[in-house]
Number of protein chains: 6
Amino acid sequence: MSSRRFLKGLQEMRKHLGPEADDYVERIKAISPAFAQVNVEFPFGDLYTRGILDDRVRELCTLAALTVQGFALPELRIHIRAALNCGASRTEVIEVITQMIAYCGFPAATNALMCARDVFEELDAEEQGV
Amino acid sequence: MSSRRFLKGLQEMRKHLGPEADDYVERIKAISPAFAQVNVEFPFGDLYTRGILDDRVRELCTLAALTVQGFALPELRIHIRAALNCGASRTEVIEVITQMIAYCGFPAATNALMCARDVFEELDAEEQGV
Amino acid sequence: MSSRRFLKGLQEMRKHLGPEADDYVERIKAISPAFAQVNVEFPFGDLYTRGILDDRVRELCTLAALTVQGFALPELRIHIRAALNCGASRTEVIEVITQMIAYCGFPAATNALMCARDVFEELDAEEQGV
Amino acid sequence: MSSRRFLKGLQEMRKHLGPEADDYVERIKAISPAFAQVNVEFPFGDLYTRGILDDRVRELCTLAALTVQGFALPELRIHIRAALNCGASRTEVIEVITQMIAYCGFPAATNALMCARDVFEELDAEEQGV
Amino acid sequence: MSSRRFLKGLQEMRKHLGPEADDYVERIKAISPAFAQVNVEFPFGDLYTRGILDDRVRELCTLAALTVQGFALPELRIHIRAALNCGASRTEVIEVITQMIAYCGFPAATNALMCARDVFEELDAEEQGV
Amino acid sequence: MSSRRFLKGLQEMRKHLGPEADDYVERIKAISPAFAQVNVEFPFGDLYTRGILDDRVRELCTLAALTVQGFALPELRIHIRAALNCGASRTEVIEVITQMIAYCGFPAATNALMCARDVFEELDAEEQGV
């Protein structure tokens, strides 16, 4: 796991997820090094680094996708933080989730909204040094 | 169907879908006026007009959502055109679909890619006056 | 395939699907007798005959389920006819699909609406002896 | 949020959800007033008040939809209570979930069954003044 | 619930789930005897006993299915144990989940991976008599 | 697209898909070279070549996954052929689809069954030099 692709992916992952990136990779690696490797290399090494769309737009699109899936709440928490790290505002995060009501209905969108509330509260607690 | 909300929604819908908007509404109305009414009023009248996100970003998020669902191909065709109408490039449309591989896997993303190809070919044919 | 469960299921299936029931079973049996057997015995023999809910309500619930799945259009066509056979009106069929917008969003609900339109047109053509 | 549509929706919502309706709206409003507004106005103000289907049948259809989605457990809890409030029996709630096995398989239906058990236990505890 | 189909199903279920099978059935039966009955009779009595595929391959296919659904984590826990009971190794369980990334993307596959980690830890604790 | 990973993936893809592999890649490449590249490199280059599970079992797991998704019919056609190329029998293909009824219900499983019928008919026609 020290290939150029892996290092490029890990660097991109850190830009999106912040210092949590390394912990996340370690947690996956403990169960399956192969899963951790493709998780870093493929979305972050191969896809997110392609330019064409800026990071903020990419992360808002990811929020849209994870919202409509309904079951993707752990990954949604990570990407709400990533969207904020990449320049999106909290208002924009909520706005994408709200727009998704039209495409996935209220159950999946409400799951995502509650998830955003939890992440915002965690971030507020972290900022206050709790 | 001449409420202020409906007219505001129809105007927004025309901005996104172009001249197809009215045909689309008529097709739905022929089966169910109530469905047509909420289709115009709710996503286009209530949600898309809220500002906060610009139309291009909203449409790219919609493409992300429709791609991961896998079954939403008729609506995806409409929103690929809408994304282009709102300032997205074809390259950006393909890029969002490609990014979604990480969130929905290849089957749903490939469905969307083939759909984009069909829409681009239709647009080329229309431009050539075919 | 002449067990009591199978015959009970086939009888129930005919009540819901009308004369199409036997054709449907034959089409499945040609590929897989085992699939055809459980398709008759399990939903129609075991579940639909349990009483508790009347056939019309059961079929409206089935329409709700097939609508939100988004991909279940061939089975939805069959159950729109079944709902009508069991005493639901066309207006009620459309109403369930319209209500589902709140739970699955517009793409899946629009797929179902277009499906209902096609079935209603087929039924009109059949009535006119076309 | 005092438009005629909102008030009509809130009144309908209270009929379905009972006294929990206002708490639910407040919880959503704390994160996003816009989301809360459309949550009241659209499904409850626009859709549930249309007549055509009675409230009990509408709620059973909603249970069918939320069951097959598999991930909609928080909303399912609310609508199991709503179904009971609208005249459905516990036996009918379980029956709809059981019927859905045929349309979504055991995993999603079992999720819903366990959810019904939890709601019934909560209701029993509430009745006993626990 | 003492029909030949039920007993055949329960025997097969014990082969897959081990001593947990009876507890599982009792838990379901407490809410709905009808649900418990079809849960034993249909997948285990009718499907898993058909031969053609050996139990290990059947369980790996079930893991693939439950992984891509994303929301089926309680049933996935049961079938990870079942796969191991039927001769699959932990490495094979992880491998199927990892392969599924290509078909469902990272969110659903990561849900499944974390679920496998939890089951493996439980098994380790059980073996150590904790 | 001549990296070692790509060539390794293409070789694996040919083993699974037969002579159709190159056509498939060319069709994707015509719309998006990047999508084609990751489609070859990631599932076929990175995942299918890892050993641990043999090709037949891997393809049966893929059939299980594509069946329960319900919307993945174009990819399912390809992988039914791939399963046969990797040593699975037609009976085993049908058996996996039939087993999936328990996990996804009849609508998605029936979609897959009809897809299998179409592929088998195509293969029969090809063998007869039609």
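Located above this text is the structure these notes cover.
Not measured: the values here are computed from a predicted model. (Residues numbered from 1 in each chain as written. Chains lettered and ligands numbered in written order. Predicted model: local features only at pLDDT ≥ 70, side-chain atom pairs only at ≥ 80, totals over all residues. Heavy atoms only, no water.)

**Regarding the relation of the copies chain A and chain B**
Okay, so step 1: For the pair chain A and chain B, the superposition axis carries a translation of 0.0 Å, the fit reaches an RMSD of 0.0 Å, and the rotation angle comes to 180°. Taken together, the rotation and translation describe the operation of a two-fold axis.
Okay, so step 2: A share of 100% of interface residues in chain A that are also interface residues in chain B marks the association as one of identical surfaces. (Least-squares fit on C-alpha atoms with pLDDT ≥ 70 in both. Contact = heavy atoms within 4.5 Å.)

**What about the packing of aromatic side chains?**
Okay, so step 1: This model, assessed by the stated rule, comprises 20 aromatic pairs over all chains.
Okay, so step 2: Judged by centre distance (5.1 Å) and plane angle (15°), the rings of F44(D) and Y48(D) are stacked.
Okay, so step 3: Given a relative accessible area of 4%, F44(D) falls into the buried group.
Okay, so step 4: Given the relative accessible area of 2%, Y48(D) is considered buried.
Okay, so step 5: Centre to centre, the rings of F106(D) and F42(E) are 6.5 Å apart; their planes meet at 35°, and the pair counts as tilted. With F106(D) in helix α6 (residues 90-127) and F42(E) in helix α3 (residues 33-47), this pair bridges two chains. The two residues F106(D) and F42(E) agree in class, both being buried.
Okay, so step 6: Joined through ring pairs, the aromatic side chains of F35(A), F42(A), F106(B), F106(E), F35(F) and F42(F) make up one cluster. (Phe/Tyr/Trp six-rings, centres within 6.5 Å; stacked < 30°, edge-to-face > 60°. Buried < 20%, exposed > 50% of the residue type's maximum accessible area, 1.4 Å probe, protein only. Helix = DSSP H or I, 4+ residues; strand = E, 2+ residues; numbered from the N terminus.)

**What about empty space enclosed by the protein?**
Residue and element names in this part refer to chain B.
Okay, so step 1: Under the definition given, this model contains 7 cavities of 30 Å³ or more.
Okay, so step 2: Looking at which element gives the most residues to the lining of the largest cavity, the answer is helix α6 (residues 90-127), with 3 residues.
Okay, so step 3: Looking at side-chain class alone, the lining of the largest cavity contains 23 nonpolar, 6 polar and no charged residues. (1 Å grid on protein atoms, 1.4 Å probe; cavity = no way out; pocket = protein on both sides within 12 Å on 5 of 7 lines; lining within 4 Å. Points joined across faces, edges and corners; volume = space filled by probe spheres on them. Nonpolar A, V, L, I, M, F, W, Y, C, P; charged D, E, K, R; others polar.)

**Things to note about the interface of chain E and chain D**
Okay, so step 1: Facing the 16 residues of chain E at the interface are 16 residues of chain D.
Okay, so step 2: Carbon and sulfur atoms supply 78% of the area buried between chain E and chain D, which totals about 1300 Å² over both sides.
Okay, so step 3: Summed over the three residues of chain E that lose the most area to chain D, namely I31(E), F35(E) and F71(E), the buried surface amounts to 52% of that side.
Okay, so step 4: Summed over the shared surface of chain E and chain D, the number is 1 residue pair in polar contact (both at pLDDT 80 or more).
Okay, so step 5: When residues of the side of chain E that touches chain D are traced back to their parent elements, those giving at least two are α2 (20-31), α3, α4 (55-69) and α5 (73-85) of chain E.
Okay, so step 6: The greatest single-element share of the side of chain E that touches chain D, amounting to 5 residues, is contributed by α3(E).
Okay, so step 7: Considering only residue class, the side of chain E that touches chain D consists of 11 nonpolar, 3 polar and 2 charged. (Buried area = accessible area lost by both parts, 1.4 Å probe. Polar contact = N/O pair within 3.5 Å; in protein donor to acceptor, adjacent residues only side chain to side chain.)

**Examining the side chain of E95(A)**
Okay, so step 1: Residue placement: E95(A) occurs in helix α6 (residues 90-127).
Okay, so step 2: On the basis of relative accessible area, E95(A) is assigned to the buried category, the value being 2%.
Okay, so step 3: Excluding anything up to four places from it in sequence, E95(A) contacts L47(B), R50(B), I52(B), L53(B) and R58(B).

**Brief notes about the relation of the copies chain E and chain D**
Okay, so step 1: With an RMSD of 0.0 Å, chain E superimposes on chain D once it is rotated by 120° and translated 0.0 Å along the axis. Between the two chains, the operation in question is that of a three-fold axis. The C-alpha atom lying nearest the rotation axis in chain E is that of F71(E); the distance is 3.2 Å.
Okay, so step 2: Little of the interface of chain E is mirrored in chain D, where only 12% of its interface residues again form contacts.

**Notes on the interface of chain A and chain B**
Okay, so step 1: Counting from both sides, the interface comprises 32 residues of chain A and, opposite them, 32 residues of chain B.
Okay, so step 2: Among the residues chain A hides against chain B, the three largest losses belong to E95(A), Q99(A) and Y103(A). Together they make up 26% of the total.
Okay, so step 3: Between chain A and chain B we count 4 salt bridges in total.
Okay, so step 4: The shortest N-O distance in the salt bridge between E95(A) and R58(B) comes to 2.8 Å.
Okay, so step 5: At the boundary of chain A with chain B, the tally comes to 16 residue pairs in polar contact (both at pLDDT 80 or more).
Okay, so step 6: Here the side of chain A that touches chain B gets 12 residues from one element, more than from any other, and that element is α6(A).
Okay, so step 7: Partitioned by chemical class, the residues of the side of chain A that touches chain B number 20 nonpolar, 6 polar and 6 charged. (Salt bridge = Lys/Arg side-chain N within 4 Å of Asp/Glu carboxyl O.)

**Overview of the packing of helix α5 (residues 73-85) of chain D against α6(D)**
All names here are of chain D.
Okay, so step 1: The interhelical angle for the contact between α5 and α6, taken along N-to-C directions, is 70°, at an axis separation of 9 Å. Taken as axis vectors, α5 and α6 run roughly perpendicular relative to one another. Of the two elements, α5 crosses α6, and the hand of that crossing is right-handed. Within the contact between the two elements, α5 uses L73, L76, R77, I80, R81, A83 and L84 and α6 uses R90, V93, N111, A112, C115, A116, D118, V119, F120, E122, L123 and E126.
Okay, so step 2: Each residue belonging to the contact of α5 with α6 can be placed in one class, and the counts come to 12 nonpolar, 1 polar and 6 charged. (Axes fitted to C-alpha atoms, helices over the stretch in contact; angles between N-to-C directions. Parallel < 35°, antiparallel > 145°, perpendicular 65-115°, else oblique. Left-handed = near helix turned anticlockwise from the far one by under 90°.)

**Concerning the environment of M13(B)**
All names here are of chain B.
Okay, so step 1: Considering the arrangement of structural elements, one finds M13 in helix α1 (residues 4-17).
Okay, so step 2: When its relative accessible area of 1% is taken as the criterion, M13 is described as buried.
Okay, so step 3: Once the C-alpha coordinates of M13 and E92 are considered, the two residues, 79 residues apart in sequence, prove to be 21 Å apart.

**Structural notes on unusual backbone geometry**
Residue and element names in this part refer to chain A.
Okay, so step 1: Of note, I52 is a non-glycine position whose phi angle comes to about 70°, a positive value.
Okay, so step 2: Inspection of the secondary structure puts I52 in the loop between α3 (33-47) and α4 (55-69).
Okay, so step 3: I52 sits in the partly exposed class, given a relative accessible area of 40%.

**With respect to the side chain of T98(C)**
Okay, so step 1: Note that T98(C) resides in helix α6 (residues 90-127).
Okay, so step 2: T98(C) has contacts with S32(B), F35(B) and L47(D), leaving out every residue within four places of it along the chain.

**Considering helix α2 (residues 20-31) of chain A**
Okay, so step 1: Between its terminal C-alpha atoms α2(A) stretches 18 Å, which fits the 16 Å expected from 12 residues at 1.5 Å a residue.
Okay, so step 2: Those residues of α2(A) that sit buried are A21(A), Y24(A), V25(A), I28(A) and I31(A). Viewed along the axis of α2(A), the buried residues span an arc of 120°, placing them on a single side of the element. Facing away from the buried side of α2(A) by more than 90 degrees, the exposed set consists of D23(A) and A30(A).
Okay, so step 3: Close packing links the buried residues of α2(A) with α1 (4-17), α3 and α5 (73-85) of chain A together with α6 (90-127) of chain E. (Expected span 1.5 Å × (residues − 1). Arc of directions from axis to C-beta.)

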